[in-house]
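Architecture at a glance
The chain contents come next:
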Amino acid sequence: MTSPLFEIDSLEVAVEDKQIVNGLSLTLRPGEVHAIMGPNGSGKSTLANSLMGHPRYTINSGDIRLAGESVLEMAPDERARAGLFLAFQYPTDIPGVSMINFLRRAMSARRGEEIPVREFRQVLNEVLGRLQMDEQFVRRYVNDGFSGGEKKRAEILQLGLLQPLVAVMDETDSGLDIDALRIVSEGVNTFHSDDNAILLITHYQRILRYVQPDHVHVLLDGRIVESGDASLAERLERDGYEPFMERAEERVLTS
Amino acid sequence: MTQATLEVPADAEIKPDELRAQVAELSRSKGEPDWLLAFRLASLEQAIGMEWWTGQEESWRRTPRERLPRRARVGRVAGSANGTAISVPQHVFAPDAHAGLVHQIDGRVAASNLVEQARAQGVIIKPLAAAARENSDLIQKWLGAIGAPADRYEAFGRALWTQGVFVYAPRGAIVDESLFYLITQDVAQGDHWHYTLVVAERESQVSLIDGGDADDRRAELPEAPLIHATVELIAEDGANLQFASVQRWHRQTAAISTTRGRVGRDASIRVTTAAFGADLDKQRIDLDLSQNGGFAEIRGLFVGDGKQHIEHVTRQHHKGVGATSDLLIRGVLTDESQAVQYGLIRIEPEGQKTSAHQTMRNLLLDDGAGADPIPMLEIEADDVKCSHAAAVGPVDPDQLFYLQARGIPPRVAERMVVRGFLSEIADGVPDEHMREVIDELVEIQLEPAKAAT
């Protein structure tokens, strides 16, 4: 078996003194797609943001390792340059900063050197075409006035340009109509290779029809309560989160 | 807390008889027509009869008045150099291409020219002193025609000016490119009084960019220089007048400006100012919309550092029916710099169907920085649309996180957000070269390692 690409090790995360993630462990190997599924309030967004190093979240204990290296001491920008990517659930709009300027800076940062204009244009047009996005799109300000679908596509555009080692996708499927979901999913699939890994964090299983997960985990109360293969997602679709919640309660009572 | 300094006898330096003699000598030495001498002397009498301020006025209450000299010195008379080009380094704001340009240093003329396309239409841009001789009828008609001076600085501005520019677009003239008026502050010469007069006759279109820089930015001056700029903008019916002012005065300067605009029927005036230099910069902008269907816009941008105080006192004054006005001020404050925006929308009973808006936004980059935006509405008409918004706060941490999550270091990310924040105003400046200059000045002003103290 290949060595792990991304490890979350007994992670505990708090927001304003309230612990939300309660000892979560997960290992992604190169080429793998993992899905974490959980209902509202299970800690999905806290997990996603803390992996990227959002200052609002405090890591109480545990570790996060990218290609064997702990990223806990790394600032968000260092994590990104090392190859970690977060597709935001709610991408922030930044009026006055053009997408094209932003994308070029981000790509140059990821590479560690200025990307030549010509090459940038070429790669950009290729990825834009794949996502069926108009070239004019990058003339707009970052996420400013974007529709929900446009925001998610812009996240996938960045994924395609930055070529991270590990992509954490925070509810990328939410708010997308079926066509947009298909295009976004294709973007994720095109990005996916044997050298990278994807962590899909989602409430619903519908994106999993387009992006096939190798492993599915159920997140409840900041813990993984069940892991399995793709069939676990189907079970969730059929039975909902209820059965897992009951079991989680039992566990809390007996512990 | 600053009361002690305010007790200093304010008018110690105002010696009416001496001033009258000096103004007469100034006018004579410049070879001015008699009516202009009379204009200066009448303005001087108005000034003498006024107070600098009482401190009770809303428009003065928040000004650190101890940093603004109460002084009316007659500037150096630059000999016979009116119209004769002198040799000075090119102004750093000077564009490669332009429709017309006047460059002055300490009242002397460094450059003055106008492209044929504009000249053929009867357009004028020239030093005000030259215009007073060569276009006497126009100057006599328009100088100060905007109304009586509102306070002592404005009145002294009319009496004491030693440099200035006159821009004129005759009826129907269209100048596509911007005209430039560049001033180099001669820091060794102390106080400066400038006078800018722009007249856009009916259906004409003209844009003036006013740029002020200092000849020696590093000099340690024994006394803070005072710069007062009088700006009078006249847009006759159907005319479109654009005025943009960018200043980077010497950092010890106390700058105060009085910009007044009169918007004709279905005419427009757009004023954009960008402030970078000076210790104190107090900008008064008063746009009068007494005709129907007029449009007025005020855009203010600034980046403060050190202990700078940057202040905008504005009035959008509606009297005509169906006129529109909009104010947007965006500033960035670092170190211990402070900003004040006191913006008044005043709608007279006749001003029905008015649409008037104002937005003031201040980004604070350091704990010591502060801003006090005060939007005010005085509305006496009942069928109007008005809005105002004011904000003071740090850079949005979510915006920073988003950029950082893409590998962009925090310092660069902050710059991007700040420049984006300012770009809405910078992008509206009607000249690409000037937009680049503003961009550079923003960058310089944000540089924490800069030499300014």
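Here the structure is a predicted model, which is why all the values come from computation and not from measurement. (Residues numbered from 1 in each chain as written. Chains lettered and ligands numbered in written order. Predicted model: local features only at pLDDT ≥ 70, side-chain atom pairs only at ≥ 80, totals over all residues.)

Below, the discussion takes up the overall build of chain A. Counting secondary structure elements, chain A contains eight helices and 12 strands. Relative to a compact globule of 255 residues, whose C-alpha radius of gyration would be 18 Å, chain A shows 18 Å and is just as compact. Overall, chain A is about 60 × 40 × 40 Å in size when its C-alpha atoms are taken along their principal axes. Among the 255 residues that make up chain A, the fraction classed as buried is 44%. The long-range fraction of contacts in chain A, counting pairs at least 24 apart against all pairs at least 6 apart in sequence, stands at 72%. (Helix = DSSP H or I, 4+ residues; strand = E, 2+ residues; numbered from the N terminus. Rg over C-alpha atoms; globule rule 2.2 N^0.38 Å. Buried ≥ 20, exposed ≤ 12 C-beta atoms within 10 Å, placed from the backbone. Contact = placed C-beta atoms within 7 Å.)

This part is about the overall build of chain B. The helix and strand inventory of chain B stands at 11 helices and 19 strands. Expressed as a percentage of its 453 residues, the buried residues of chain B come to 54%. The long-range share in chain B, meaning contacts at least 24 apart out of those at least 6 apart in sequence, stands at 82%.

Attention now moves to the sheet that holds strand β2 (residues 18–28) of chain A. All names here are of chain A. Pairing is antiparallel across the open sheet formed by four strands, whose spatial order is β2-β1-β4-β5. The sheet is open, and its two borders are formed by β2 and β5 (69–70), each paired with just one other strand. In terms of strand pairing, strand β1 (residues 6–15) meets β2 through eight bridges, oriented antiparallel. Bridge assignment links Glu12 to a residue of β2, and that residue is Asn22. (Pairing = 2+ DSSP bridges.)

Residue and element names in this part refer to chain B. Of all 10 residues in strand β15 (residues 324–333), eight are buried, a share of seventy percent or more. Note: strand β13 (residues 295–304) against β15, 10 bridges, orientation parallel. Looking at the pairing, Phe302 lines up with Gly331 of β15. By the bridge criterion, 10 bridges tie β15 to strand β17 (residues 355–364) in an arrangement that is parallel. Looking across to β17, one finds that Thr324 is bridged to Ser355.

So, on to the environment of Thr273 of chain B. Residues and elements named next belong to chain B. Structurally, Thr273 can be placed in strand β11 (residues 268–275). Judged by the 24 C-beta atoms lying within 10 Å of it, Thr273 is buried. For Thr273 and Asp210, which are 63 residues apart along the polypeptide, the C-alpha to C-alpha distance reads 9.1 Å. Contact partners of Thr273, with chain neighbours within four places excluded, come to Ser245, Gln283 and Gly300.

Next up on the list: the interface of chain B and chain A. Contacts between chain B and chain A engage 19 residues on the former and 22 residues on the latter. At the level of elements, α9 (397–404) and α10 (410–426) of chain B are the ones that each hand at least two residues to the side of chain B that touches chain A. Considering every element that reaches the side of chain B that touches chain A, the biggest residue donor is α10 of chain B, with eight residues. Broken down by class, the residue content of the side of chain B that touches chain A amounts to 10 nonpolar, five polar and four charged. (Nonpolar A, V, L, I, M, F, W, Y, C, P; charged D, E, K, R; others polar.)

Along helix α1 (residues 44–52) of chain A, nine of the nine residues are buried, which leaves the element largely enclosed by surrounding structure. Of the residues trailing α1 of chain A, Gly53 of chain A is marked for its positive phi of about 90°.

Residue and element names in this part refer to chain A. Where helix α4 (residues 117–130) meets helix α5 (residues 148–162), the axes come as close as 10 Å, and the angle between the chain directions of the two elements is 135°. Classified by the interaxial angle, the pair formed by α4 and α5 is oblique. Judged by the twist between their axes, the crossing of α4 over α5 is right-handed. On α5, the residues touching Val123, Leu124, Val127, Leu128 and Arg130 of α4 are Leu157, Gly160 and Leu161. Looking at the contact of α4 with α5 residue by residue, the class counts come to six nonpolar, one polar and one charged. (Axes fitted to C-alpha atoms, helices over the stretch in contact; angles between N-to-C directions. Parallel < 35°, antiparallel > 145°, perpendicular 65-115°, else oblique. Left-handed = near helix turned anticlockwise from the far one by under 90°.)

Another point: the nonpolar core. Within the largest apolar cluster, 197 residues are counted, with the highest numbers of intra-cluster contacts made by Phe85, Val166 and Val168 of chain A together with Val167 and Val198 of chain B. Sort the elements by how many residues they give to this core and α10 of chain B lands first, with eight residues. When neighbours within four sequence positions are excluded, Val198 of chain B is seen to be in contact with Val167, Val206, Leu208, Leu233, Ile234, Leu241 and Phe243 of chain B. (Core = buried A, V, L, I, M, F, W, Y, C linked by C-beta atoms within 7 Å.)

Residue and element names in this part refer to chain B. Two numbers describe how α10 lies on helix α11 (residues 432–446): the axes approach to 11 Å, and their chain directions differ by 145°. As for how α10 packs across α11, the hand of that crossing is right-handed. In this structure, α10 contributes Arg415, Val418, Arg419, Leu422 and Ala426 to the contact, and α11 contributes Arg435, Ile438, Asp439, Val442 and Leu446. Residue classes in the contact of α10 with α11 are distributed as six nonpolar, no polar and four charged.

Attention now goes to the sheet that holds strand β8 (residues 226–235) of chain B. In a beta sheet, neighbouring strands pair by backbone hydrogen bonds and run either parallel or antiparallel. Residue and element names in this part refer to chain B. In spatial order, the strands read β3-β4-β6-β8-β10-β12-β14-β16-β18; together these nine strands make up an open sheet with mixed pairing. Either end of the sheet is taken by a strand with one partner, and the two such strands are β3 (124–127) and β18 (370–379). Averaged over all pairs of adjacent strands, the angle between their axes in this sheet comes to 5°, without regard to strand direction. Looking at chain direction, strand β14 (residues 309–318) and strand β16 (residues 338–347) are connected through 10 bridges and run parallel. Directly across from His312, in β16, lies its bridge partner Gln341.

Shape descriptors only; they carry no functional weight alone.
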